[in-house]
Amino acid sequence: MSLVELDGVHKRFGNLEVLSDVNLSVEEGEIVAIIGRSGSGKSTMLRCINGLEPVQQGRITVDGTEVTTAKADLNDLRQRVGMVFQSYNLFPHLSVERNVTLALKVVRKTPLAEARDIARETIAKVGLADKLNAYPDELSGGQQQRVAIARSLAMGPKVMLFDEITSALDPELVGEVLRVLEALAADGMTMLLVTHEMKFAKTVGNRVVFMHHGRVHEAGDARETLEQPRTPELTSFLNAVLH
Amino acid sequence: MNYSFRFSSLLAYRDEIIEGLLLTLQLSAATILIGLVIGVVIAALRTGGPGPLRSIATVYVETIRNTPLLVQLFIIFFGLPSLGLRFTANEAALIGLSINLGAYSAEIIRAGIESVRKSQIEAGHALGLNGYQVFRHVVLFQALKAIYPALTSQFILLMLMTSIVSTIGANELFHQASFIDSRTFRSFEVYTAITLIYLGLTLLFRGVFAAIYWCVFVRRPAR
Amino acid sequence: MIREFGFDDVLFLLLAARWTILLTLAAMAIGGAVALVVAILRIVPFRPANWLAIGYINLVQGTPILGQLFIFFFGFSVFGWNVGAWTAAVTTFSIYASAYLAEIWRGGLQSVPKTQWESSAALGLNYLQRLRYVIIPQAVRINIPPTVGFLVQLVKNTSLASVIGFVELSRAGQMLNNATFAPMAVYLTVAAIYFVICFSLSRASQRLEGRIHVAR
Ligand SMILES: Nc1ncnc2c1ncn2[C@@H]1O[C@H](COP(=O)(O)OP(=O)(O)O)[C@@H](O)[C@H]1O
Ligand SMILES: [Mg+2]
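How each quantity is defined
Residues numbered from 1 in each chain as written. Chains lettered and ligands numbered in written order. Predicted model: local features only at pLDDT ≥ 70, side-chain atom pairs only at ≥ 80, totals over all residues. Heavy atoms only, no water. Core = buried A, V, L, I, M, F, W, Y, C linked by side-chain atoms within 4.5 Å. Buried < 20%, exposed > 50% of the residue type's maximum accessible area, 1.4 Å probe, protein only. Contact = heavy atoms within 4.5 Å. Helix = DSSP H or I, 4+ residues; strand = E, 2+ residues; numbered from the N terminus. Buried area = accessible area lost by both parts, 1.4 Å probe. Salt bridge = Lys/Arg side-chain N within 4 Å of Asp/Glu carboxyl O. Polar contact = N/O pair within 3.5 Å; in protein donor to acceptor, adjacent residues only side chain to side chain. Axes fitted to C-alpha atoms, helices over the stretch in contact; angles between N-to-C directions. Parallel < 35°, antiparallel > 145°, perpendicular 65-115°, else oblique. Nonpolar A, V, L, I, M, F, W, Y, C, P; charged D, E, K, R; others polar.

## What about the nonpolar core?
- Among the nonpolar cores identified, the biggest contains 159 residues, and Ile149, Phe162, Leu181 and Leu184 of chain A together with Phe93 and Leu154 of chain C are the most heavily contacted of them.
- Not counting residues within four places of it along the chain, the set of residues in contact with Phe93 of chain C comprises Leu23, Ala27, Ile65, Leu69, Leu154, Asn157, Thr158, Leu160 and Ala161 of chain C.
- Leu6, Ile49 and Val62 of chain A together with Ala122 of chain C belong to the second-largest nonpolar core, a separate cluster that totals 31 residues.

Here is the structure:
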């Protein structure tokens, strides 16, 4: 069984159908880049995968756990699914280290000393060992986003979801965040990432999924799909983002 | 518990209750009118008045807002006669409540004026409106709309606070309660019933204020 | 036995002000605990709990304190408990404080951005953990100035406890007035003591408000 599976998923907000019949399966170690116009349902798809949004129809399973049943233990599932948001969403009242240790201590009941070891290790991994005691508002956007990645990573997730995590950053800060993603990819982390960085999607992604009007309109090998799109919609989308 | 509730014994006093209710409504309405006028004047003085008047306005607002209405009423009703100023209980009640509401509404109105002034006046001038036109068409309407919820909450609070003037013997609704209590010895029932009547008044006031809001600010397009 | 209003009387009033402060603190402690529960019931994603909290807040805020005071004063004895004015006053003002604080604190809780709920949910924190570790700590900072501001209202309203015979500052003033027949001196002194307490609190609230906006 695949690590992440979406099977005939429909998602509506009121009368607005945001996802219609989405099917997708992601194997362990795979890196899937999700692209598409604004409003095509990319964020919603990610949010359904860790149960932040309920779906009206279809099945989603992650790591053998069905997300889309009423009795799903979402809090347990979310420990195995990391998610990083466009707007970082660090906890402003906690230092960098405590941002990272919070879920370990509270959710996983990890002893404090051990939680701090894990935090220091993951924070070093994103290159911020010197910022352990800083507060979020003392960090640049790029640094905050790297802390947000460390915060998810510390829980040892099986899969990471990234929602346009470089879109809110100044251009010169995008690189430092993408390098962290590359390192994660090299470690074999399974990732679904919504991105507008086509070059990054092509070089690091294994697969590309193009969302259009709430459907998976085109999908395939990353390089092949981006270089030779088969549908006119993807062609015009790529022309728009690549000028 | 071997107490038997007898709310029915209150029915004999419905004339007193209605009389008190009417006075509470009159007192509330008169206080709102006078208090609002005081509030506008004081707010104007505090935002744009000459130095000394501005200081006096500030002292007034701070003094009233940082002392209890009860003590203000005692000073007016028991204290002032020693200076030769005598009022009936109802007069003292109206004076005390109006002075009190004036201070609170002044602060609300001032906040409203300041909230609009910063963002909108320049835009009004940029469109070629003169000072008065800016005030009339830009500041006034928006400021009123912005402060309406806070102001009307204050009015409801005022209506509830009119009960306090019973302590100096003004014969509004709450005073009638103690009268009926002294006749029936049904204290618990009397005060429960009267308190629920105030709840009804609160709901009535809310309804009226919501209706006014709808007519003035929602139905009529903002000009 | 009429006598002059003098320094001893000022001292008497200052001592009586202790009871004003004690009543305020008791109401704040008990009311604060209840308010936390009501504020949370007000925001949890469970409609009946929201309605319960809204009903409670509206009931308390829609009735006069004086009425509540008498209901508890006489109500306790109806149920066979003969409690004094202190218990009735603490009960009334705790309930009063709980409704107003719940409403203030709800505003603070709701002003924490939705993304904070989401990002803590995404880490696997359950609802209460999100509240406890992420939302409430951020709301506390926002809530401190209006809470101190509310204390001013509470201090002033405790004067109403005098009506059921509880001897705090206002009641002490009435007693002195009966003994000295110097209403102006007595009530101006009483007002001055209230003013010192309330004005300090108002200023503290304003200063905290200013600090909240610059600090983290
Ligand atoms: N909470 C919501 N309520 C109503 N509509 C929503 C909500 N969230 C997203 N939508 C709508 O769903 C559609 C897809 O949104 P989204 O998944 O954010 O798109 P993308 O991430 O691809 O830009 C949009 O039309 C958006 O307006
Ligand atoms: Mg999006």
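## A few points about unusual backbone geometry
All names here are of chain A.
- Of note, the phi angle at Asn89 is positive, near 55°, even though the residue is not glycine.
- Along the chain, Asn89 turns up in the loop between β6 (81–84) and α3 (96–106).
- Judged by its relative accessible area of 6%, Asn89 falls in the buried class.
- The phi dihedral of His213 falls on the positive side, at around 50°, and the residue is not glycine.
- Along the chain, His213 falls in the loop between β9 (207–212) and β10 (215–221).

## As for the interface of chain C and chain B
- Residue-level contacts link 37 residues of chain C with 36 residues of chain B.
- In total, about 3100 Å² of surface goes out of reach between chain C and chain B, with carbon and sulfur atoms giving 77% of it.
- At the junction of chain C with chain B, the criterion picks out zero salt bridges.
- Put simply, chain C and chain B have five residue pairs in polar contact (both at pLDDT 80 or more) between them.
- For the side of chain C that touches chain B, the secondary-structure elements that each account for two or more residues are α2 (47–61), α3 (65–78), α6 (127–157), α7 (169–180) and α8 (183–214) of chain C.

## Considerations on the packing of helix α1 (residues 14–48) of chain B against helix α6 (residues 173–184) of chain B
Residue and element names in this part refer to chain B.
- Between α1 and α6, the least distance of the axes is 7 Å, while the angle of their chain directions is 155°. When the axis of α1 is compared with that of α6, the two are roughly antiparallel. Counting all contacts with α1, which are made through Glu16, Ile17, Glu19, Gly20, Leu21 and Thr24, the residues of α6 involved are Leu173, Gln176, Phe179 and Ile180.
- Its residues assigned to classes, the contact of α1 with α6 comprises five nonpolar, three polar and two charged.

## Regarding the pattern of salt bridges
Residue and element names in this part refer to chain A.
- Considering all chains together, one arrives at 20 salt bridges over all chains under this definition.
- Between Glu66 and Arg59 there is a salt bridge whose closest N-O contact spans 3.2 Å.
- Residue Arg146 pairs with Glu176 through a salt bridge whose shortest N-O separation is 2.5 Å. Of the two residues, Arg146 is situated in helix α5 (residues 141–153) and Glu176 in helix α6 (residues 171–186); the sequence distance between them amounts to 30 residues.
- Overall, the relative accessible area of 19% leaves Glu176 in the buried class.

## Remarks on the arrangement of the chains
- Where two pairs of chains are in contact, the pair with the most contacts is made of chains B and C.
- Spatially, chain A and chain B are disjoint, and the shortest separation between their C-alpha atoms is 26 Å.

## Details of the interface of chain A and chain C
- Contact residues are listed per partner, giving 26 residues for chain A and 18 residues for chain C.
- Its largest share of buried area at the contact with chain C, chain A owes to Phe91, His93 and Val106 of chain A, together 26% of the area lost on that side.
- Between Arg47 of chain A and Glu118 of chain C there is a salt bridge whose closest N-O contact spans 2.5 Å.
- Where chain A touches chain C, the interface holds six residue pairs in polar contact (both at pLDDT 80 or more).
- Elements with a contribution of two residues or more to the side of chain A that touches chain C: α2 (74–78), β6, α3 and α5 of chain A.
- In terms of residue count, the dominant contributor to the side of chain A that touches chain C is α3 of chain A (three residues).
- Its residues placed into classes, the side of chain A that touches chain C shows 13 nonpolar, seven polar and six charged.

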